[in-house]
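So the chains spell out like this:
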Amino acid sequence: MSDRVRLNISRIIILVVIFYCSFILYNTKIVSVKEQNENIKKLEKQIEKNKEKESNPVSEVDMSEDDYEIVGALYVPKISLKIAVYNSTDEEAIRRGAGILETTGSLIPKKGQNVIVTTHNGDDKRDLFMNLHKMKVGDIFFTKDSSGNIVKYKVNNIQKVLPTELFDKMVYDKEVSKMTLLTCTPVGINSHRLLVTADEVPYEKQSLEEVEVEMEKSEGITFSNYEKIIIDILILRLIFLVSTFAVNRDKKKGENNSGILE
């Protein structure tokens, strides 16, 4: 195999890697975000339908287009996350967004409750809870239910536990309504479960506008460690590709000059 053929093969491989890395970033940072925004728009429509049903109890309201009802939305400013919350935790529901673990409660606050909201820690198409490990004690997040009520939570406990320890490690307080965000950890290994538990806190300005303000104060686009590696690979491959073209151009120029001198 000639050097020219090897060089062309290496370039093709580099281009494939660049395309794949770009595809992952496009999915997680553009397509997935757009998808979640569309899901939250569905929630807003449900809220309007609920209000209509309250004013006209006789009217029939179809709360869902399929078996997976969007019961709310979760807003986590620290990691720039907006995600729909479903009434199920089966695979299809948590592939689309987050789900409420059955029997743990609902998005409606209730003293003594610790409702678990869970989903995957991401894949090559969606971030989901991939950045949940970046949460710290004192961070805040919000939920919005299908009636339009917004609840503010403040993180006060973060744990990494074995799957068998999950319910043993759950924290309850008969005087406080709690919520726990749950996912697997570490990303790609998934040997443990990450529990980010928060208490409901007083929230006077219960409006979506206030939530959006908090979201705008966030760090903007939040990249996971996985995505940072993808970006590093992408940059290195681009540099290598450009350098091979430059070296090849200089080599051809040198050969042409030597031909002229002869």
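Along each chain, the written sequence defines residue order, and numbers are assigned to residues from 1. Where local features are concerned, this predicted model is filtered to residues with pLDDT of at least 70; where side-chain atom pairs are given and counted, the filter is 80 or more; whole-chain, interface and lining totals use all residues. By convention in this description, side-chain values take in all heavy atoms of the structure and omit both hydrogens and water.

*Asks:* How should I be thinking about the overall build of the protein chain in this particular structure?
*Replies:* Where helices and strands are cited, they refer to DSSP runs of H or I of at least four residues and of E of at least two residues respectively, numbered from the N terminus. Helix and strand counts for the protein chain stand at 4 helices and 8 strands. Reading the protein chain from its N end, one meets helices and strands in the order α-β-β-α-β-β-β-β-β-β-α-α. Counting all 262 residues of the protein chain, 40% fall into the buried class. Throughout, a residue-residue contact means that at least one pair of heavy atoms, one from each residue, lies within 4.5 Å. Taking as baseline every contact in the protein chain between residues at least 6 positions apart, the subset at least 24 positions apart corresponds to 65%. Of the roughly 15,100 Å² of accessible surface on the protein chain, 56% is carried by carbon and sulfur atoms. Summary of the burial criterion: residues with accessible area below 20% of their type's maximum are buried, those above 50% are exposed, and those between are partly exposed, where the area comes from a 1.4 Å probe applied to protein chains only. We get accessible surface area from the Shrake-Rupley algorithm with a probe of 1.4 Å; when it comes to residues, only the shown protein chains can shield them.

*Asks:* What is the right way to read the packing of aromatic side chains from this model?
*Replies:* Here a Phe, Tyr or Trp ring, Trp counted by its six-membered ring, pairs with any other such ring whose centre lies within 6.5 Å, and the pair is stacked when the planes are under 30 degrees apart, edge-to-face when over 60, and tilted otherwise. One pass over the structure, following the stated rule, counts 1 aromatic pair. Pairing Phe 141 with Tyr 153 gives two aromatic rings, centres 5.4 Å apart and planes at 20°, and the pair type is stacked. Of this pair, Phe 141 sits in strand S5 (residues 140-145) while Tyr 153 sits in strand S6 (residues 150-161), placing them 12 residues apart in sequence. The buried category is assigned to Tyr 153, whose relative accessible area is 0%.

*Asks:* Before we go on, may I ask you to explain a nonpolar patch on the surface in this structure?
*Replies:* Among the surface-exposed residues, Val 5, Ile 9 and Ile 13 lie close enough to one another that they form a single nonpolar patch of about 230 Å² accessible area. Secondary-structure assignment places Ile 9 in helix H1 (residues 3-55). The class for Ile 9 is partly exposed, based on a relative accessible area of 37%. Here a patch means residues that are over 30% exposed by relative accessible area and free of salt bridges, tied together within 9 Å if like-charged and within 5 Å if nonpolar (Val, Leu, Ile, Met, Phe, Trp, Tyr). We define a salt bridge as a contact between a side-chain nitrogen of Lys or Arg and a carboxyl oxygen of Asp or Glu at a distance within 4 Å.

*Asks:* Would you mind showing me how to read the pairing of S6 here?
*Replies:* The two faces of a sheet get side chains in turn, since along a regular strand they alternate between them. Across 5 bridges, the pairing between S5 and S6 is antiparallel. Across the sheet, residue Lys 144 finds its bridge partner in S6, namely Ile 150. Taking the residues that link successive antiparallel strands as the turn, the S5-S6 hairpin has 4 residues, and the phi of Gly 148 there is positive, at about 90°. Paired strands are those between which DSSP finds at least two bridges.

*Asks:* Teacher, can you tell me more about the side chain of Asp 145 here?
*Replies:* Along the polypeptide, Asp 145 turns up in strand S5. Counted charges follow a simple rule, with Lys and Arg positive, Asp and Glu negative, and His plus the chain ends left uncounted. Here Asp 145 occupies a buried position and makes no salt bridge, while the nearest side chain of opposite charge, Lys 144, is found at 8.2 Å. Counted as a polar contact is a pair of N or O atoms within 3.5 Å, where, for protein atoms, one must be capable of donating a hydrogen and the other of accepting one, and residues adjacent in sequence contribute only when both atoms are in side chains. Within the structure, the side chain of Asp 145 is placed 2.9 Å from the backbone nitrogen of Ser 147, a separation counted as a polar contact. Other than its neighbours up to four places away in sequence, Asp 145 contacts Leu 43, Ile 47, Val 71, Gly 72, Leu 107 and Ile 108.

*Asks:* Can you walk me through the sheet that holds strand S3 (residues 98-100) in this structure?
*Replies:* One key point about sheets: their strands pair by backbone hydrogen bonds, in either a parallel or an antiparallel sense. A barrel is described by the order of its strands in space; here 8 strands give the closed sequence S1-S2-S3-S4-S7-S8-S6-S5, paired in mixed fashion. Neighbour-to-neighbour, the strand axes of the sheet open up by a mean angle of 30°, direction not taken into account. Relative to S5, strand S1 (residues 70-76) runs antiparallel, the two being bridged by 4 bridges. Along S5, the bridge assignment pairs Ala 73 with Lys 144. Axis definition: a line fit to C-alpha positions, over the contact stretch in the case of helices; interaxial angles, taken between N-to-C directions, run 0 to 180 degrees.

*Asks:* Quick question: what am I supposed to make of the nonpolar core here?
*Replies:* Residues Leu 74, Val 117, Phe 129, Met 135, Phe 141, Met 179 and Leu 181 are the most contacted members of the largest nonpolar core, which totals 25 residues. Counting residues per element, the ones that place at least two in this core are S1, strand S2 (81-86), S3, strand S4 (114-118), S6, strand S7 (178-185) and strand S8 (192-201). In this structure Met 179 touches Leu 107, Asn 114, Val 115, Val 117, Phe 141, Thr 143, Tyr 153, Val 196, Thr 197 and Ala 198, once residues within four positions along its chain are discounted. Judged by nonpolar contacts, the second largest core, of 14 residues, contains Ile 47, Phe 142, Tyr 203 and Val 211. To define a nonpolar core, start from buried Ala, Val, Leu, Ile, Met, Phe, Trp, Tyr and Cys residues and group those joined through side-chain atoms within 4.5 Å.

*Asks:* Even after reading the chapter, I still don't get the pattern of salt bridges, so can you show me in this structure?
*Replies:* Once the charged atoms of two side chains with opposite charge are near each other, the side chains can pair. As enumerated under the stated definition, the model contains 7 salt bridges in all. Among the salt bridges present, the one from Glu 92 reaches Arg 95, with a minimum N-O distance of 2.8 Å. One end of the pair is Glu 92 and the other is Arg 95, both in helix H2 (residues 91-96) and 3 residues apart, which spans about a single turn. Note on Glu 92: relative accessible area 26%, which makes it partly exposed. Here Asp 199 and Lys 178 are joined by a salt bridge, their closest N and O atoms 2.5 Å apart. Placement of Asp 199 in strand S8 and of Lys 178 in strand S7 is noted, with a sequence separation of 21 residues between them. For the pair Asp 199 and Lys 178, one class covers both residues: buried. Put simply, Glu 92, Arg 95 and Arg 96 are held in one network by salt bridges that share partners.

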